[in-house]
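Fold and contact review
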Amino acid sequence: MDREVLRSLLPQAHLLSDDAVALLQPCLTVMELPKNTLLIQDTRVERNAYLLYVGIARAYISTAAGEITFGFAREGHIINANAGYFSKTKGYENFHLLEDAQLLKIDLDCIQQLFLVNIEICNWARVITEVEAMAAEERRLDYILLSPEERYVKLLQNDASLLHRVPLKNIATYLGISPVSLSRIRARIK
């Protein structure tokens, strides 16, 4: 992949010099995967992350009661299993592609070797991790402080396109409610 195209896809790319992008390039593989691919499974140790640049994926956990959606990855987002990344163990999460997708597969072992020799790449990854941590904190606080209806309104204000790309049953579990409750909220808000 051309370096300028690669730079346009990488989050926080302004933090990287051309030399750093060149070092990253061998760690990345272009992939195209069809809708309904289970990209990351909770049954295996995941040693890759994925930069999604076309498509959408649902992050969920499986419980005795069913699947609970806890996030969505869209264009520009990095998909990874935290346990695989941080401790090289099986994770709890699954990532399911809801649309045909184009991704960059990121070899985590390769990237972690670059952390040892290139502070620029290490700092770039740190910033991405910090941004993700802050987004996760906001989601946790929303779940604690906002009612389901307020969470739905916030979703409409900040990411209304999800309603056209994601099944409503997945949005309902993401909001922590049943599909019937989501229907009632939607009827009230219209």
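Here we take up the overall build of the protein. Secondary structure assignment for the protein yields nine helices and eight strands. Taken over the C-alpha trace, the protein has a radius of gyration of 18 Å; the compact-globule value for 190 residues is 16 Å, and the two agree within 12%. Along the first, second and third principal axes, the C-alpha atoms of the protein reach 55 × 35 × 30 Å. For the protein, the residues scored as buried account for 42% of the 190 residues in total. Summarising the internal contacts of the protein: among those between residues at least 6 apart in sequence, 69% fall at separations of at least 24. Counting 21 positive and 23 negative side-chain charges, the protein places the averaged centre of each group 8 Å from the other.

Looking now at the sheet that holds strand β1 (residues 28-33). Overall, antiparallel pairing links the four strands, which are arranged β1-β8-β3-β6 in an open sheet. Either end of the sheet is taken by a strand with one partner, and the two such strands are β1 and β6 (78-79). Looking at chain direction, strand β3 (residues 48-54) and β6 are connected through two bridges and run antiparallel. Across the sheet, residue Y50 finds its bridge partner in β6, namely I79. The strands touched by helix α4 (residues 108-117) within the sheet are β3 and β8 (101-107), with β8 carrying the most contacts at an inclination of about 50°.

Rules used in this analysis
Here the residue numbering is sequential within each chain, running from 1 through the sequence in written order. Residues qualify for local features only when their pLDDT is at least 70, as the model is predicted, and side-chain atom pairs are given and counted only at 80 or more; totals for whole chains, interfaces and linings, by contrast, use all residues. Excluded from the side-chain calculation are hydrogens and water; included are all heavy atoms of the structure. Here a helix means four or more residues in a row that DSSP labels H or I, a strand means two or more in a row labelled E, and each is numbered from the N terminus. Put simply, the radius of gyration uses C-alpha atoms, and a globule should come to 2.2 Å times the residue count raised to 0.38. Think of it in three bands: residues with accessible area under 20% of the maximum for their type are buried, residues over 50% are exposed, and the middle band is partly exposed, with areas taken using a 1.4 Å probe on protein chains only. We call two residues contacting when some pair of their heavy atoms lies within 4.5 Å. Neither His nor the chain ends is counted toward charge; the positive residues are Lys and Arg and the negative residues Asp and Glu. Charge positions are represented by NZ for Lys, CZ for Arg, CG for Asp and CD for Glu. Pairing between two strands is assigned when DSSP locates at least 2 bridges connecting them. Geometry is summarised by axes, namely lines fitted to C-alpha atoms with helices restricted to the contacting stretch, and by angles between N-to-C directions that run from 0 to 180 degrees.

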